[in-house]
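Structure at a glance
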Amino acid sequence: MAQALQVGVVSLFPDMFQAITEYGVTRRAVEQQLLQLHTWNPRDFTHDKHRTVDDRPYGGGPGMLMMVEPLRAAIAAAKEGVGDNPRVIYLSPQGKKLDQQGVQYLSQFSSLVLVAGRYEGIDERVIEADIDEEWSIGDFVLSGGELPAMVMIDALARQVPGVLGHQDSAAEDSFVAGLLDCPHYTRPETLDGKKVPSVLLSGNHDKIRQWRLQQALGRTWLRRPELLTDLALTDEQQRLLDEFKANYQL
Ligand SMILES: Nc1nonc1C(=O)N[C@H]1C[C@@H]1c1ccc(S(N)(=O)=O)cc1
């Protein structure tokens, strides 16, 4: 039986996660129980009449923080609910930048609790006491941690064996780790006078594989050359890239 990914999410807006549980690959993963997602809402752990979940920051200034007591109770409940000693992750702009290598690293954990912040974030002492790792999906400021949590869950779900059908996994395989993807084409054969590259119509699968690999290497060189510095290219890849560069008209 494939190892399922168990995720507990702490969020004030649990319904947002329907964006991954109700659609596409991640919906199928949930249906196949390869991805199990449960939410815990700090508001359910309040005891006052107004069900308060925010609190004022010491030192004054604009904005609010997530109130400590309901947040910690929700985190504790999520850890208990997910079980198996989950890795607890807080999504924030202050976290480590997520990339595919980070996704592969996080794939080692079969159970996770993701804490989605709202307002200006959470008390630093909660981060120190309850959070194992802080991750960011990019250097931009969002209104909450829910979309970052869904981005992380989507990327992690695709790493679970069985989630990507053969068709998709073939696509993943053709996308050499660390390179940008090659261009893709579908019908019609001629669009606005532009024809599909003839190699893709040739039926020669190895030529097609080489073309796609060369395009991925060339695109990476042109658009994100820094990604190439960390890659150990094979002889074939180096040859294909050199050929691309030689043919490229600056
Ligand atoms: N990028 C991200 N990757 O993961 N989370 C990300 C994110 O933007 N979360 C935002 C909700 C949190 C936040 C924190 C602080 C401020 S503030 N006080 O600076 O205006 C605004 C928003």
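Conventions adopted
- Residues numbered from 1 in each chain as written.
- Predicted model: local features only at pLDDT ≥ 70, side-chain atom pairs only at ≥ 80, totals over all residues.
- Heavy atoms only, no water.
- UniProt positions renumbered as here; feature names shortened; annotations may be inferred.
- Buried < 20%, exposed > 50% of the residue type's maximum accessible area, 1.4 Å probe, protein only.
- Helix = DSSP H or I, 4+ residues; strand = E, 2+ residues; numbered from the N terminus.
- Pairing = 2+ DSSP bridges.
- Right-handed = clockwise from strand over helix to strand, strands pointing away.
- Near = heavy atom within 4 Å.
- Polar contact = N/O pair within 3.5 Å; in protein donor to acceptor, adjacent residues only side chain to side chain.
- Areas by Shrake-Rupley, 256 points an atom, 1.4 Å probe, with all protein chains shown as cover.
- Axes fitted to C-alpha atoms, helices over the stretch in contact; angles between N-to-C directions.
- Parallel < 35°, antiparallel > 145°, perpendicular 65-115°, else oblique.
- Left-handed = near helix turned anticlockwise from the far one by under 90°.
- Contact = heavy atoms within 4.5 Å.
- Salt bridge = Lys/Arg side-chain N within 4 Å of Asp/Glu carboxyl O.

Under an unreviewed UniProt entry, the chain has the name tRNA (guanine-N(1)-)-methyltransferase and belongs to Aliidiomarina minuta. According to the UniProt record, the Catalytic activity (unreviewed entry) comment for the chain reads "guanosine(37) in tRNA + S-adenosyl-L-methionine = N(1)-methylguanosine(37) in tRNA + S-adenosyl-L-homocysteine + H(+)". One UniProt comment on the chain, placed under Subunit (unreviewed entry), says "Homodimer."

Quick word on the pairing of strand S6 (residues 111-116)
Counting buried residues along S6, six of its six residues qualify, which places the element largely inside the surrounding structure. Side-chain alternation along S6 places Ser111, Val113 and Val115 on one buried face and Leu112, Leu114 and Ala116 on a second face that is also buried. Pairing analysis gives five bridges linking strand S1 (residues 5-10) to S6, with the strands arranged parallel. Across the sheet, residue Gln6 finds its bridge partner in S6, namely Ser111. With five bridges connecting them, strand S5 (residues 87-97) and S6 associate as parallel partners. Residue pairing in the sheet places Arg87 in a bridge with Leu112 of S6. The parallel pair S5 and S6 is bridged by helix H4 (residues 100-106), and the resulting crossover is right-handed.

Considering the site of the ligand
Residues in close proximity to the ligand total 14 residues, the closest being Glu120, Ile137, Gly138, Phe140 and Leu142. Here Ser92 contributes a backbone N or O atom positioned 3.4 Å from an oxygen atom of the ligand. Here the ligand loses 79% of its free accessible area of 500 Å² to cover by the protein chains. For the shell around the ligand, the elements supplying multiple residues, two or more each, are S5 and strand S7 (133-136).

With respect to the packing of helix H8 (residues 205-223) against helix H10 (residues 235-247)
Axis separation between H8 and H10 bottoms out at 9 Å; the angle between their running directions is 65°. The orientation of H8 relative to H10 falls into the category roughly perpendicular. As for the relative orientation of H8 and H10, their crossing is right-handed in sense. The residues of H10 that touch H8, namely those facing Arg209, Gln210, Leu213, Gln214, Gln215, Leu217, Gly218, Trp221 and Leu222, are Glu236, Gln237, Arg239, Leu240, Leu241, Glu243, Phe244 and Lys245.

So, the sheet that holds S7
The five strands lie next to each other as S2-S1-S6-S5-S7, forming an open sheet whose pairing is parallel. Of all the strands in the sheet, just strand S2 (35-40) and S7 have a single pairing partner and so form its edges. Across the sheet, the mean angle from the axis of one strand to that of its neighbour is 35°, orientation sign disregarded. In this structure, S5 lies alongside S7, joined through five bridges in parallel fashion. Bridge pairing in S7 links Lys97 to Ser136.

Remarks on the pattern of salt bridges
Taken as a whole and judged by the stated rule, the model has ten salt bridges. A salt bridge links Asp130 to Arg72; the nearest nitrogen and oxygen atoms lie 2.7 Å apart. Taken together, the residues Asp130 in helix H5 (residues 124-130) and Arg72 in helix H3 (residues 68-82) connect sequence positions 58 residues apart. On the basis of relative accessibility, which here comes to 12%, the residue Asp130 falls in the buried class. Salt bridges here are not isolated pairs; linked through shared partners, they connect Asp206, Arg209 and Glu236.

Looking at unusual backbone geometry
Cis geometry is adopted by the peptide bond preceding Pro188, which originates at Arg187 and carries an omega value of 5°. One non-glycine residue, Arg51, lies in the positive phi region at around 55°. Examined against the element boundaries, Arg51 turns out to sit in the loop between S2 and strand S3 (54-55). If you check the backbone angles, Asp192 has positive phi at about 50° while not being a glycine. Tracing the chain through its elements places Asp192 in the loop between strand S8 (190-191) and strand S9 (194-195). Since its relative accessible area comes to 74%, Asp192 is described here as exposed.

Quick notes on the UniProt feature "binding site: S-adenosyl-L-methionine" (unreviewed entry) in the chain
Residues annotated in UniProt with the feature "binding site: S-adenosyl-L-methionine" (unreviewed entry) correspond here to Gly117, Ile137, Gly138, Asp139, Phe140, Val141 and Leu142. Mapped onto the elements, Gly117 comes out in the loop between S6 and H5. A relative accessible area of 7% means that Gly117 is categorised as buried. With sequence-adjacent residues up to four places away left out, Gly117 is seen in contact with Met66, Tyr90, Gly144, Gly145 and Glu146.

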